[in-house]
Amino acid sequence: MPLFSYKALSTNGTVATGEIEASDRPEAMRVLDKRGLQPVNLKESSKAAPVKSANKKESTVPKRREKSSEKEDGIPDGPLKLKRAEVILFTEELSDMLGAGLQLEPALKSMENRQELGSLKAVSQRIREIVRDGVNFSVALKKVSPSFGPLYCSLAAAGEASGALDTILKRQAHYLKTLAELQSRLILAMIYPAFLILVGLGVAVVFVTTLIPQLTELIKNTPGGKIPFAIQMMMNFTDFIKAWWIVITLAVVGAGLFFKAWTDNEDNKPKWDEMQLKLPLIGAVISSRFYVQFLETMANLVGNGLPLLRALELSRDATQNHSLRSNLNSVIDQVGDGRAFSKAMIRSDSFPPLLIDMIAVGEQTGKIDQSLRRAAERFDKELDKDLQRVMALIMPAVLIMMAVLIGSFAYLMITAIFQTISNLGQ
């Protein structure tokens, strides 16, 4: 068996050195972990004499027992799904422990031993086992749970590259909490408008199916009665819906499925992302959110000593919008050719002048990380204003729609009644 020499930290803080026999490096890491040692350096020094087949069989028994014990712990083999609240809790706990000075594996081990974390214990154990085998933390996140998402994993990779994983995770926890708070506020803000929409649709159905047919029947039975053109068009439309509602439903469902397939196609995603940026109100929110995420990531990476070009590449990988990624690709190409960061942003013609001016000041003073952080705070305020503007416009828009809908029906009925009365007077 191979012989590994190690240098590790014991539980009491002393440094221990020695050699152990193991079939491979992951098994050597497991042996040290069972001894309560945190490896600092582990490398294969030499190979021992070949062992007998009987010994090989004996060595496989602990592995089988280890696998069976994992199943006894109730940890599933496949990817683990987490709720957003659990992802936020995991991120906050890990960032706090990393910020306190713990290394990644001991921090995950501490979370694994916490009783109140629930299902996060299984996630922490799975991630720790993968990281212990020499795999990057961001890669382990992808393997263990799809709930972390591409953006989360890309930011974790950026944190590993810059040595600021705790700061990146703390920023990500704040971002996830803000997003969850926004969604809860949006749901609360939409309860009353949704109630108004349902009531309005119910009134419209009563008008179309009961009141207007009775009114038209009354007009027909009245001498000289004439159905108004608008009501006649409405009745024809209602008859059309009744006759073809199955076809209309299938057409709507088919259009929805086609649209989803079109947006999921990799070739169409850049066009769809560009269309989202041009949507009224929503496009401004998406852009502001990108600037905040981009600037905070860049400030953390550059502030921790990462070269500007590498920081731009990692920030681009953490950007999900394909249209915005293409803009960053243009900036990266120009910065790679030796152009200044602010000049490259000007030539790309896709960044606001205020952002470019703040970055140019940072380049002149040599404190670009501080300029990036101040710009992130500025655009964070802009994002909050955009969100408040969108939520403030929801209620008036719904009220106007309901007023137009109900008012139109009432106007048609009153007009038909007055026209019938005038015909009777003649």
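Above this text sits the structure in question.
Describe the overall build of the protein, and please don't skip the residues or the numbers.
Looking only at helices and strands, the protein has 16 helices and three strands in total. Looking at the protein as a whole, 37% of its 426 residues qualify as buried. Here the analysis covers contacts within the protein between residues at least 6 apart in sequence; of these, 58% occur between residues at least 24 apart. Of the accessible surface of the protein, which amounts to about 24600 Å², a share of 59% is contributed by carbon and sulfur atoms.

Could you give an account of a nonpolar patch on the surface, naming the residues involved and the relevant values?
Nonpolar side chains collect at one region of the surface, where Phe-237, Phe-240, Ile-241, Trp-244, Trp-245, Ile-246, Val-247 and Leu-250 lie side by side and expose about 860 Å² of accessible area between them. By the secondary structure assignment, Trp-245 is in helix α9 (residues 229–264). Overall, Trp-245 belongs to the partly exposed group, its relative accessible area being 49%.

Explain unusual backbone geometry to me, and be specific about the residues and the numbers.
A negative phi angle is the norm for most residues apart from glycine, just as the trans form is the norm for most peptide bonds. Look at Asp-349: it is not a glycine, yet its phi comes out positive at around 55°. Mapped onto the secondary structure, Asp-349 falls in the loop between α14 (341–348) and α15 (353–365).

Before we move on, could you go through the nonpolar core and cite the residues and values that matter?
One broad rule of soluble globular proteins: the nonpolar side chains tend to lie buried together. Counting 36 residues, the largest nonpolar core has Leu-295, Phe-341, Phe-351, Leu-355 and Leu-372 as its most contacted members. At the level of secondary structure, the elements contributing two or more residues to this core comprise α11 (282–303), α12 (308–317), α13 (322–336), α14, α15 and α16 (368–425). Among the elements that make up this core, the one with the highest residue count is α11 (ten residues). Dropping the residues within four chain positions of it, Phe-351 is found in contact with Phe-290, Tyr-291, Leu-328, Val-331, Met-345 and Ile-356. Within the second largest apolar cluster, 35 residues are counted, among which are Leu-94, Met-97, Ile-127 and Leu-169.

Rules used in this analysis
Residues numbered from 1 in each chain as written. Predicted model: local features only at pLDDT ≥ 70, side-chain atom pairs only at ≥ 80, totals over all residues. Heavy atoms only, no water. Helix = DSSP H or I, 4+ residues; strand = E, 2+ residues; numbered from the N terminus. Buried < 20%, exposed > 50% of the residue type's maximum accessible area, 1.4 Å probe, protein only. Contact = heavy atoms within 4.5 Å. Areas by Shrake-Rupley, 256 points an atom, 1.4 Å probe, with all protein chains shown as cover. Patch = residues over 30% accessible without salt bridge, like charges linked within 9 Å, V, L, I, M, F, W, Y side chains within 5 Å. Salt bridge = Lys/Arg side-chain N within 4 Å of Asp/Glu carboxyl O. Core = buried A, V, L, I, M, F, W, Y, C linked by side-chain atoms within 4.5 Å.

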